[in-house]
Structure formats: C-alpha cells, structure tokens
Amino acid sequence: MKYQMQEFVEEASNASLRINEYLHYLNSNCTLYHAVVKAEKDHHLLTEEAQRAAHYLRIDLEKGGIHLSPEKLDRVNQLNTDIVRLCREFNENIVADPGHVDIFPGSRVPKNLHHLAKPIYRPSGQPRLSTVLDGNKRERGFRLRTEPDALCSILQLASDPEVRKLAYVRGNSVPRANLVVLDKLIAARHEFAEIVGYKSYAEFALKDNMASSPEVVLPFLLDMSKMVRPKAEEEFKKILDFKREISGQLDEGLEPWDEAYFTRLMKSSAHNFHNSVLASYFPLPQCIEGLKMLAESLFHVKCHETPLAPGESWHPDVLKLSLHHPDEGDLGYLYLDLKSREHKHPIFAHFAIKGGRRISETEYQLPIVALVCSFSGSNFTSVMLHHSDVETLFHEFGHALHSLLSRTDYQHFSGTRVVLDFAETPSNLFEYYSWDYRFLRKFAKHYSTGDPIPEELVKSMLGAKNMFAAIELQRQILYALIDQTLHGAQLSSTRDTSSIVADLRREHTCWKYVEGTHWHARFSHLVTYGAGYYSYLYAKCFAATIWQKLCQQDPLSLATGSSLRTKFLQHGGAKDPADILNDLVGSGMIRNQNGGIIPDITSLAEEMKL
C-alpha cells in the first residue's frame, strides 16, 4: 500500500506540472489575449457577469506579463517557473524536516505525551536515582517530533520548563533550508512585480483586491495593533502573575514557551475547562453529522454519502457526499479526507476540483470540492476532536459551501474564486457555529453515553476562549505585518528575514524573540498567501458583523440560510464584494480609505470587549 500511495503522489505531482504547463500556454497565448481585449472593448457582451469575466481575464493575463516585450515576457515566464518551484520546495521542506528533541531521562516526558514519543536509549554515565535503565545499563529517554501539532501539545502539557524550551527552540528552528528558499522566493516575486510594472510584490498582489494597495493595508494593521495592545498587555500580565504565583519566584519572567502551558492551566482553573473532557463530545463521525445538519437546517440541503467508483478515491479513508436539494436536485459533490496518516501533508484546506459553470440554459456543471484535514486517531471512528479542530472543520466547511452553493455562469468566478481579501469571509463566519450551543447540542454527543454536550460546558468553553483573545488577535496582526513587510519594498541586503521578524515581534507583541529561532521558515501562508495574510483579519471583521446583524438572533433558520445563500454564497466572484456585503447587512460594514476598502471593526471590537 505504501508503494502504491507513493506512486499516486508522484503521478499527482506530475499531473499538476502538466496542468501548470498547459495553463502557462494559455496565459501566454497572444491570440487569446487579443480576443479578450476586443471582447471587453466592444461592449457586446450580453450580461454584467460576462463583462466582468472579460475584464478580469484581461487583468489576469496582463499580471502574467502577456502585454510585455518578448524579452521581458521570457524573463517573467522564467520567474513564474522559479516561483512555482520555490513554493513547492518550501512546503516539501516542512514535511521532510519536522525537527525533533531527545529528552533524557524519559520520566521528564508526561504520559499524556507518550503517543507522540519514540523510546530511545543512550549509554548510561553516572545515572541519577530517577534515571530508568534497561537490562544493558542504558538510559531510556524519548524522542519527540516537533511538527506544529505535536509542538503545540508539548508546549501545553509538559510541566518541565526545560523540555518546553528545548521543544520550542527546535520546533521554531526548522527547516533551516527554508530561510534560503524564502530569500529566493521573495527576490523572485519582487523582480517579477517590477517587470510587470509595480513597485513591490505587495502592490502587485493587492492591486485588484478590496484593499487595493499596501498604503491601505498597513495603516489598517497598525490601527488594529494599537487598538488591541492595552488588552493584550493586561492578558500578558495575568499570565506572568499566575506563573509567579505557581513557581513562588516573584522576579521570574515570562518566556515564549510558557504561554501555551500556563494559559491552559489558567483556563482549566477559571472555567473548570479540560480539553480531554470536551473532546469526548466531538467524535469525528458525529462532527460530520453536524456538517450535514447545518447544511440541511440553513439551506434545506441533504448530504448523502455516495459510493466511490473504482479508482475514484486516492485513499480508503476518503468519503464522498452528494448535496441534494428537494426542488433543485443535485448541487455538487464533496470529498472528505479528514484523518492524518503517514506521509500525508499536515494540511487543513479546501480544494476546488471542478468549478461550477452554466453550460446551457438547462444544464449546469456541478462543482466538486475536497475538504482535507489531518486529525489524529488510530481509525476513523476513534478520532476525537479538540474543539480547536472542530472550529477548523467548520472553517473549511464554510469554504466548501461557498464553492458548492455558488451558481455562476463562468467557472472563473465559481465559489471561492473571489478577490483574496474576501475569500476567507464565509469560512470565518461558519466558525461561529462551532461555538453556538443552540447548534452544538444537536450533534455534539458523548462518544460512550450519547448525552448531548452540557450548556455549562459550552459556557466554560466560551469563557476560556475569551480569556486570551487579545493576545491571539495580536498574533494574527503580527503575522499579517510580517507578510506585508517581507513582500513590500525590496529588502536591504544587510537585513535577513529573521531580523525583520524579530523586530516586528518586539514592536507589536508583548513576547520576547528567541535568538536563533525562525518560526516563519515553516509559515506556509507566506507561500500560499504572499502579501495576502491580512485577508484573515478583514474576514474576522466582516464575519463578526454578519454574525451579529444577520445570524445571531436565529442562526439555524431557513430565512438566515436563504439570505446567506441568495445574497452572498451563490454569487461567488461574479459580483463586486462591496456590493455583496452592503446587500447582505446594509451600509456601514465597510469604509473607504486611501482609495481602497477597509472593514468596519466595531462588531469585532464589541465581541472582544476591546
């Protein structure tokens, strides 16, 4: 099976390369370009969506440099090839080099981390009494892998600060090879942007977004950073005081590897909140039932499990759902590949396999999407999700519904094919359902008793969520500032990416930077969302407003679902996002600034009590 899967992966990679080659051929086809330009100028197109399609096809082609001289176009094509290769290399390095730490003696690793650990041995010297020796007088320890999910568990559960420190430093220092890859990627993107007529890659990437330019995004991020700072500092001081109370050391400082451990203890203490208890109400099969219930409640859509044809699936774990409306018939198909396995990329993402489009007046090409996650468990039915995993699942389901429920004439606008700073809005909105007791009680049931999740437990969960919300928002602002800075004006040759990240961390958070670490070397959003990470903050603001003004009062009604579908999801990218937002909840949701659009932050600020 392992050999077959490796063959499958290699063939998929080769197919991806061939598709990219064909797309490159289309994107450099001058005959096609001139036809699109003519169609846009002639104004003979019959619908507003057709005119919009011609306009954005021209822009996409020109962003690829098709209008340039042959010499410049050759260089742009070479840079495009380099960028694709470097992006792939960056992601491959993350998988190939997750890092690890060796801990001796093994007693320093708590039992609830043993499932992440591999026993190792070394020759004993003069062992302490606590050292465990085997029959050959070897000292027993544990090797802990430090890929992101495992590192998160170690930092939360290891009471030994030295173990946490070792894991933090190692996990945030791999893969070192990506520092060079990232330098090359940033340089290639910057040169590419300059050739096609922009001052920076950030300017190139933002030109057709709602924000329109870095001059809009950076002030927005700096204003948010200033807004959240006082509450983040309050939260930081609470963690520091708690640590000092626990340790009895009143002059002790707070280290980056302390955050996850002490915030977990504080949440448990303040809200009688324990992740293991909560996870018992979220077995993966029940969570999938929750997705189905939500689709039916909001959109009158039933999700039926559908048999897979021979050769259709890439792994036995994959499920296939068909979405069916009693009046409209089949709406699309959703593949679910949710469990982790060996050699699977630790990704949580939505992929559009086939976009929807109108073929004729009576026929519509149904969308096909895949929702891929990496939840841990020995088999499908035994997977228990932490609530953060449940939130992630509903986030990705929001993307999937955007793809499955859109009904655009052109595939170019199907589902999530919208401007980048609008794309994350449905996913952030559907996260709210993972916190709402009115919905949770319908599917979140104890794996052994079948009892629904208690309302008090959900209240505790919400209380724990809000305890350190400002620090988490501050972290997201930092990520967006790093992304904008690295892709902004060309970096000085005397400054490396690690020093830029260190300076921004010191300026915009309460936390120290640990010299020698470079966590951004496995921050894959720098690859997939280059200069676009701020979109998550736009989405948080948009989603907070939509939830408060449209969904909160009656989140599961067909009326709420009808508004979401007909005014929002069905349009995909075929309608201007500003018009969609204003039609959905009325004016006041967005503001114009420096020639671009920023979200109103009132609803998010109220929600977070900023």
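Definitions and limits used
- Residues numbered from 1 in each chain as written.
- Predicted model: local features only at pLDDT ≥ 70, side-chain atom pairs only at ≥ 80, totals over all residues.
- Heavy atoms only, no water.
- Helix = DSSP H or I, 4+ residues; strand = E, 2+ residues; numbered from the N terminus.
- Contact = heavy atoms within 4.5 Å.
- Buried < 20%, exposed > 50% of the residue type's maximum accessible area, 1.4 Å probe, protein only.
- Axes fitted to C-alpha atoms, helices over the stretch in contact; angles between N-to-C directions.
- Parallel < 35°, antiparallel > 145°, perpendicular 65-115°, else oblique.
- Left-handed = near helix turned anticlockwise from the far one by under 90°.
- Nonpolar A, V, L, I, M, F, W, Y, C, P; charged D, E, K, R; others polar.
- Polar contact = N/O pair within 3.5 Å; in protein donor to acceptor, adjacent residues only side chain to side chain.
- Pairing = 2+ DSSP bridges.
- Core = buried A, V, L, I, M, F, W, Y, C linked by side-chain atoms within 4.5 Å.

(A) Layout of the side chain of Ser434. Relative to the assigned elements, Ser434 resides in the loop between helix H15 (425-431) and helix H16 (437-443). Ignoring anything within four residues of it in the chain, the contact list for Ser434 reads His387, Val390, Glu391, Phe394, Leu440 and Met461.

(B) Main features of unusual backbone geometry. Cis geometry is found at the peptide bond from Phe104 to Pro105, where omega equals -10°. Of note in the backbone geometry, Ala531 takes a positive phi value of approximately 65° without being a glycine. By the element assignment, Ala531 lies in the loop between helix H20 (525-528) and helix H21 (535-551). Residue class for Ala531 comes out buried when judged on its relative accessible area of 0%. Of note, Asn594 is a non-glycine position whose phi angle comes to about 50°, a positive value. Relative to the helices and strands, Asn594 resides in the loop between strand S11 (590-593) and strand S12 (596-599).

(C) Quick peek at the packing of helix H4 (residues 70-96) against helix H7 (residues 177-195). Interhelical geometry of H4 versus H7 gives an angle of 155° and a closest axis separation of 9 Å. The orientation of H4 relative to H7 falls into the category roughly antiparallel. Helix-helix and strand crossings are classified by hand; for H4 and H7 the assignment is left-handed. Facing Lys72, Arg75, Val76, Leu79, Asn80, Ile83, Leu86, Cys87, Glu89, Phe90, Asn93 and Ile94 of H4, the residues of H7 in contact are Ala177, Asn178, Val181, Leu182, Lys184, Leu185, Ala188, Arg189, Glu191, Phe192 and Ile195. Of the residues in the contact of H4 with H7, the class split is 14 nonpolar, three polar and six charged.

(D) Quick look at the environment of Arg264. Position of Arg264 relative to the elements: it lies in helix H10 (residues 259-271). For the pair Arg264 and Leu157, spaced 107 residues apart in the sequence, the C-alpha separation amounts to 8.5 Å. When residues no more than four places from it in sequence are discounted, the contact partners of Arg264 are Gln156 and Leu157. Polar side-chain contacts of Arg264 include one of 2.7 Å to the backbone oxygen of Gln156.

(E) Representation of the environment of Ser499 within the structure. Relative to the helices and strands, Ser499 is located in helix H19 (residues 497-508). Assessed through its relative accessible area of 23%, Ser499 is described here as partly exposed. A distance of 2.8 Å separates a polar side-chain atom of Ser499 from the backbone oxygen of Asp496.

(F) Main features of the sheet that holds strand S10 (residues 368-375). Read from one edge of the open sheet, five strands run S4-S5-S6-S10-S7, paired in mixed fashion. Each edge of the open sheet is held by one strand with a lone partner, namely strand S4 (302-305) and strand S7 (349-354). Each adjacent strand pair in this sheet contributes to an overall mean axis angle of 25°, direction not counted. Where strand S5 (residues 319-325) lies against strand S6 (residues 329-339), seven bridges are found, and the strand directions are antiparallel.

(G) Highlighting the nonpolar core. Judged by nonpolar contacts, the single largest core of 143 residues is most densely connected at Phe282, Leu334, Tyr433 and Ile546. Leaving out residues up to four positions away in the same chain, Ile546 has contacts with Thr425, Leu429, Cys551, Leu564, Phe568, Leu581, Leu584, Val585 and Met589. By size, the runner-up hydrophobic cluster in this structure holds 16 residues, among which are Val109, Leu151, Ala158 and Val163.

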